[in-house]
Amino acid sequence: MLAGGKSSRMKKDKAFLEIDGQTLAERSLKVLDTVFSEVIISSNNPERFACFELPIIQDEIPDQGPLEGLYQGLKAATYDEVFFVACDMPFLKMDLINYLSKWIPEHDVVVPKLRSGLHPLHAFYHRRCLPTIKKNLEAGRLKVIDFYPNCSVKYVEESELEIFSDLMNAFCNVNTPRDWADIHKG
């Protein structure tokens, strides 16, 4: 779970916003723990996440965004295939994550592609991506999807995912106070 961001637009740590008495981090970790035998938190504030008693990794180079978290996560993981998700996605679906996993290890990246765009922080990555990610980090190309052209990528189209109910909620994330207010309306 990627939780290394500064939450600058939200003005408070998104991972600890609460829905129904659970923080967003707790909600995500509960789903991830159900699906995976290994769960790692990527955070530059490890003391905030110590209560979860999970391995916590930090960025080696600060201010590189989620690409650095992805890189460090792949290096730290025991397994070759790793699911990465942002901590600000409150409605993760276990069955959707399992569905996406079926294209790993045949591809280096398995990423949902909805009409709203790609969801690289709700995607699987194979350890084979490490050299390519490292090159992008060294070149200052920090957008996660910028390394995709150098990898085998499975874009899972929205039409393939429509078998899941409430699909848009599964990819909903909280970046701003307005996003947070919209979640509580719906």
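Conventions and cut-offs
- Residues numbered from 1 in each chain as written.
- Predicted model: local features only at pLDDT ≥ 70, side-chain atom pairs only at ≥ 80, totals over all residues.
- Heavy atoms only, no water.
- Helix = DSSP H or I, 4+ residues; strand = E, 2+ residues; numbered from the N terminus.
- Buried < 20%, exposed > 50% of the residue type's maximum accessible area, 1.4 Å probe, protein only.
- Contact = heavy atoms within 4.5 Å.
- Axes fitted to C-alpha atoms, helices over the stretch in contact; angles between N-to-C directions.
- Left-handed = near helix turned anticlockwise from the far one by under 90°.
- Nonpolar A, V, L, I, M, F, W, Y, C, P; charged D, E, K, R; others polar.
- Core = buried A, V, L, I, M, F, W, Y, C linked by side-chain atoms within 4.5 Å.
- 1 Å grid on protein atoms, 1.4 Å probe; cavity = no way out; pocket = protein on both sides within 12 Å on 5 of 7 lines; lining within 4 Å.
- Points joined across faces, edges and corners; volume = space filled by probe spheres on them.
- Salt bridge = Lys/Arg side-chain N within 4 Å of Asp/Glu carboxyl O.
- Phe/Tyr/Trp six-rings, centres within 6.5 Å; stacked < 30°, edge-to-face > 60°.
- Lys NZ or Arg CZ within 6 Å of the ring centre and 35° of its normal.

> Is there a simple way to think about the overall build of the chain in this case?
Along its length, the chain carries eight helices and nine strands. Overall, the C-alpha framework of the chain stretches about 40 × 40 × 30 Å when taken along its three principal axes. Within the span of the chain, comprising 186 residues, buried residues form 48% of the whole. For the chain, contacts bridging at least 24 residues in sequence account for 66% of all contacts bridging at least 6.

> Whenever I open this one, the packing of helix 3 (residues 66–76) against helix 5 (residues 130–139) confuses me. Can you help?
To describe two helices that pack against each other, one gives the angle between their axes and the distance between the axes. Put simply, helix 3 and helix 5 touch, their axes get as near as 10 Å, and they point 145° apart. Note on packing geometry: the crossing formed by helix 3 with helix 5 is left-handed. Seen from helix 3, the contacting residues are Leu67, Glu68, Leu70, Tyr71, Leu74 and Lys75; seen from helix 5, they are Leu130, Ile133, Lys134, Asn136 and Leu137. Classifying every residue of the contact of helix 3 with helix 5 by side-chain character gives seven nonpolar, one polar and three charged.

> Explain the nonpolar core here, please?
Within soluble globular proteins, side chains that are nonpolar generally end up buried alongside one another. Residues Met1, Leu32, Phe49, Leu96, Leu161 and Phe171 are the most contacted members of the largest nonpolar core, which totals 32 residues. Of all the elements in the fold, those that place two or more residues in this core are helix 1 (24–35), strand 5 (81–85), helix 4 (94–101), strand 6 (109–114) and helix 7 (167–170). Residue contacts for Phe49: discarding those within four places in its chain leaves Met1, Ala3, Ala15, Phe16, Ala25, Ile41, Ser43 and Ile56. The next biggest cluster of nonpolar side chains, apart from the first, holds 23 residues, and it includes Leu74, Ala77, Ala123 and Val153.

> Whenever I open this one, the layout of surface pockets confuses me. Can you help?
If a probe as big as a water molecule is rolled over the atoms, it shows which places are left empty. Taken as a whole, the second largest pocket encloses approximately 370 Å³ of empty space. Around the second largest pocket, the lining comprises 22 residues; the ones closest to its centre are Phe36, Glu38, Glu81, Val82 and Phe83. Within the residue set of the lining of the second largest pocket, elements represented by two or more residues are strand 3 (41–42) and strand 5. Per element, the largest residue contribution to the lining of the second largest pocket is five residues, and it comes from strand 5.

> Quick question: what am I supposed to make of unusual backbone geometry here?
As a rule of thumb, non-glycine residues mostly have phi less than zero, and peptide bonds are mostly trans rather than cis. The omega angle of the peptide bond from Ile104 to Pro105 is 15°, so this bond is cis rather than trans. Examined against the element boundaries, Pro105 turns out to sit in the loop between helix 4 and strand 6. Residue Asp20 is not a glycine yet carries a positive backbone phi of 50°. Among the secondary structure elements, Asp20 is positioned in the loop between strand 1 (18–19) and strand 2 (22–23). Using a relative accessible area of 75% as the deciding quantity, one classes Asp20 as exposed. Phi is positive for Asp166, which is not a glycine, with a value near 55°.

> Looking at this structure, I do not really get the pattern of salt bridges. What am I missing?
For side chains bearing opposite charge, pairing can occur when the charged atoms are close. Taken as a whole and assessed by the stated rule, the structure comprises seven salt bridges. Where Asp88 meets Lys14, a salt bridge forms, and the shortest distance between an N and an O atom there is 2.9 Å. One end of the pair, Asp88, is in the loop between strand 5 and helix 4; the other, Lys14, is in the segment before strand 1, and 74 residues separate them in sequence. Here Asp88 matches Lys14 in class, with each residue buried. It is possible to trace a salt-bridge network through shared partners that takes in Arg115, Glu158 and Glu162.

> Help me out: how do you make sense of the packing of aromatic side chains in this one?
Both the distance between ring centres and the angle between the ring planes are used here to describe each pair of aromatic rings. In the structure shown here, the tally under the stated rule is 13 aromatic pairs. Where Phe84 meets Tyr125, the ring centres are 5.8 Å apart and the plane angle is 70°; that geometry is what we call edge-to-face. Of this pair, Phe84 sits in strand 5 while Tyr125 sits in strand 8 (residues 122–126), and the two are 41 residues apart along the sequence. Of the residues examined, Phe84 reaches a relative accessible area of 4% and is grouped as buried. A connected cluster of aromatic rings, assembled from ring pairs, spans Phe84, Tyr125, Phe147, Tyr148 and Tyr155. Sitting over the face of the ring of Phe16, Arg48 holds its NZ or CZ atom 4.3 Å from the ring centroid. Sitting over the face of the ring of Tyr155, Lys113 holds its NZ or CZ atom 5.7 Å from the ring centroid.

As far as function goes, none of this settles anything; it's purely spatial.
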